[in-house]
Amino acid sequence: MSEALLQVENLKKYYPIKGGKFGKVSEIVRAVDGVSFSVREGETLGIVGESGCGKSTTGRMIMRLIEPTEGKIIFQNRNIMELSKHDMRKARKDIQMIFQDPFASLNPRHTVGHIIEEPMIVHKMGNRKQREARVEELLELVGLSAYHAKRYPHQFSGGQRQRIGIARALAVQPKVIIADEPVSALDVSVQSQVLNLLKDLQKKFNLTYIFIAHDLSVVRHISDRVGVMYLGKLVELSESEILYTDPKHPYTKALLSAVPVPDPDIKTNRIILEGDVPSPAHPPAGCTFHDRCPVAMDICSKERPNFKVLDDGRMISCHLYD
Ligand code: ADP
Ligand code: MG
């Protein structure tokens, strides 16, 4: 097992919401509420959970696009929360992001060539000629063509635009890519093409991925390990194989039971969760999942479960496994 390349410790993002006449803080949204994990070099860590559970906020905090309220982000043995602006700019080159909606994240007035070249200009890489050659190389790397550099984003399909987003992320030769629902907006057939591309690129460049999705089936084949989030917290994290074949947390079980099975002969016991995801401004006491949990016990509404490691190496926070 290689050492952690990136480590997140007790990461939190609280948003104070002001209300009332005097602009006092009336409530606090706990978007991310104490998340810890590590990612090894060359691996893919999947992060899944329903919409609103804090996945994007977590990803953006690692990029420091959002300033954490609390916590440590250790990249290559340095806490990047303590880096100066100058050093942070350099660290940003090593950690790049791919977004769900490539159309919103690509400037419609710029050519694709310019879009891909821009991060290289920001990080002062090469001269103009070298950068242009690199843009052509990148376009071909992601399955597009050199002549596409002269076109504009609207001239491409959704899948192609995501390839452009990937080329732009790769332009500065990052070590880590945080992919925030990169295929959620694409047709299923296109999804697997983009996933395969990401896998190939990972092998070629020894990339480390944090792959965010709201659907467990999407991350299954790309992730070495998967973390499941609920209401700003990780509830279970383990090797993918273990998580998919033997989920332990009642929330993971429920999410997994909702994944469609291609073979109609396989019986699935679909677990229907009652109620909606509670607001992160008013998380339930104790285990935040207790009011929707089909197997909740007395203790679950009273005490917050700790994160513990089971014999198979998985981490879980659930009183069933105390
Ligand atoms: P996900 O990516 O898992 O769907 P997000 O990280 O986008 O979730 O959001 C987590 C929670 O934080 C949501 O309840 C969202 O409404 C809330 N949130 C996100 N950004 C802000 C903000 N700027 N102010 C207040 N609440 C926010
Ligand atoms: Mg999101």
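Residues numbered from 1 in each chain as written. Chains lettered and ligands numbered in written order. Predicted model: local features only at pLDDT ≥ 70, side-chain atom pairs only at ≥ 80, totals over all residues. Heavy atoms only, no water.

Concerning the overall build of the protein
- A tally of regular secondary structure across the protein gives 10 helices and 12 strands.
- Taking 20 Å as the expected radius of gyration for a compact globule of 322 residues, we find that the protein reaches 21 Å, a close match to that expectation.
- Projected onto the principal axes, the alpha-carbon positions of the protein cover approximately 65 × 60 × 45 Å.
- A burial count over the protein gives 48% of its 322 residues as buried.
- A fraction of 64% describes how many contacts in the protein between residues 6 or more apart in sequence connect residues 24 or more apart.
- Surface exposure of the protein reaches about 16,300 Å², of which carbon and sulfur atoms provide 49%. (Helix = DSSP H or I, 4+ residues; strand = E, 2+ residues; numbered from the N terminus. Rg over C-alpha atoms; globule rule 2.2 N^0.38 Å. Buried < 20%, exposed > 50% of the residue type's maximum accessible area, 1.4 Å probe, protein only. Contact = heavy atoms within 4.5 Å. Areas by Shrake-Rupley, 256 points an atom, 1.4 Å probe, with all protein chains shown as cover.)

Here's the deal with the nonpolar core
- Within the largest apolar cluster, 55 residues are counted, with the highest numbers of intra-cluster contacts made by Ile116, Ile166, Phe211 and Leu216.
- For phenylalanine 211, the contacting residues outside a window of four places in its chain are Thr44, Leu45, Gly46, Ile47, Ala179, Pro182, Leu195, Leu198, Val218, Val219 and Ile222.
- If you look at the next biggest cluster of nonpolar residues, it comprises 30 residues, including Leu5, Val35, Met63 and Ala91. (Core = buried A, V, L, I, M, F, W, Y, C linked by side-chain atoms within 4.5 Å.)

Concerning the pairing of strand S4 (residues 70-75)
- Here strand S1 (residues 4-19) pairs with S4 via five bridges, running antiparallel. Each residue of the ladder has a partner; that of glutamine 7, found in S4, is isoleucine 74.
- The hairpin turn running from S4 into strand S5 (residues 78-79), its antiparallel successor, is two residues long, and glutamine 76 in that turn takes a positive phi close to 50°. (Pairing = 2+ DSSP bridges.)

A word on the site of ligand 1
- Near ligand 1 the following residues occur: Tyr15, Val29, Ala31, Glu50, Ser51, Gly52, Cys53, Gly54, Lys55, Ser56, Thr57 and Pro280.
- Interatomic distance of 3.1 Å between a backbone N/O atom of glycine 54 and an oxygen atom of ligand 1.
- Here an oxygen atom of ligand 1 sits 2.8 Å away from a polar atom, N or O, in the side chain of lysine 55.
- When the free accessible area of ligand 1 is taken as 570 Å², the share hidden by the protein chains comes to 64%.
- Of all the secondary-structure elements, those providing two or more residues to the shell around ligand 1 are strand S2 (24-40) and helix H1 (55-62).
- Of the residues forming the shell around ligand 1, the biggest block, three residues, is contributed by H1.
- Of the residues belonging to the shell around ligand 1, the class tally is five nonpolar, five polar and two charged. (Near = heavy atom within 4 Å. Polar contact = N/O pair within 3.5 Å; in protein donor to acceptor, adjacent residues only side chain to side chain. Nonpolar A, V, L, I, M, F, W, Y, C, P; charged D, E, K, R; others polar.)

What about empty space enclosed by the protein?
- Under the definition given, this model contains two cavities of 30 Å³ or more.
- Here the largest cavity defines a volume of roughly 90 Å³.
- Forming the walls of the largest cavity are 14 residues, and the residues nearest its centre are Pro250, Cys287, Cys293, Cys300 and Cys318.
- Here the second largest cavity is characterised by a volume of approximately 30 Å³.
- As for the second largest cavity, its lining consists of Met97, Ile98, Phe99, Ser105, Gln162, Gly165 and Arg168.
- If you list the elements that add at least two residues to the lining of the second largest cavity, you get strand S6 (95-98) and helix H6 (158-170).
- Of the residues in the lining of the second largest cavity, the class split is three nonpolar, three polar and one charged. (1 Å grid on protein atoms, 1.4 Å probe; cavity = no way out; pocket = protein on both sides within 12 Å on 5 of 7 lines; lining within 4 Å. Points joined across faces, edges and corners; volume = space filled by probe spheres on them.)

Brief notes about unusual backbone geometry
- With a phi angle near 50°, asparagine 10 is a residue other than glycine that sits in the positive phi range.
- Within the element layout of this structure, asparagine 10 appears in strand S1.
- Of note in this structure, glutamine 76 is not a glycine but carries a positive phi near 50°.
- Relative to the helices and strands, glutamine 76 resides in the loop between S4 and S5.

Here's the deal with the UniProt feature "domain: ABC transporter" (unreviewed entry) in the protein
- According to UniProt, the feature "domain: ABC transporter" (unreviewed entry) maps to residues 6-256 in the numbering used here.
- For residues 6-256, the helix share is 38%, the strand share is 29%, and the end-to-end C-alpha distance is 27 Å. (UniProt positions renumbered as here; feature names shortened; annotations may be inferred.)

Some remarks on the packing of aromatic side chains
- Applying the stated rule across the entire model yields three aromatic pairs.
- Seen from their ring centres, tyrosine 251 and phenylalanine 289 are 5.2 Å apart, and the 65° between their planes marks the pair as edge-to-face. With tyrosine 251 in helix H10 (residues 250-257) and phenylalanine 289 in the loop between H10 and strand S11 (308-309), the pair connects residues that are 38 residues apart, well separated along the chain.
- Since its relative accessible area comes to 0%, tyrosine 251 is described here as buried.
- In textbook terms, an aromatic cluster arises when at least three aromatic residues are bridged by ring pairs, as seen for Tyr230, Tyr251 and Phe289.
- Positioned above the aromatic ring of tyrosine 14 is the side chain of arginine 30, whose terminal nitrogen or guanidinium carbon lies 5.2 Å from the ring centre. (Phe/Tyr/Trp six-rings, centres within 6.5 Å; stacked < 30°, edge-to-face > 60°. Lys NZ or Arg CZ within 6 Å of the ring centre and 35° of its normal.)

Some words on the sheet that holds strand S10 (residues 233-239)
- The sheet built from eight strands is open, its strands ordered S6-S7-S8-S3-S9-S10-S12-S11 with mixed pairing. At either end of the open sheet lies a strand with only one pairing partner, and these are S6 and S11.
- Where strand S3 (residues 44-48) lies against strand S8 (residues 208-213), five bridges are found, and the strand directions are parallel. Paired with threonine 44 across the two strands is tyrosine 209, which belongs to S8.

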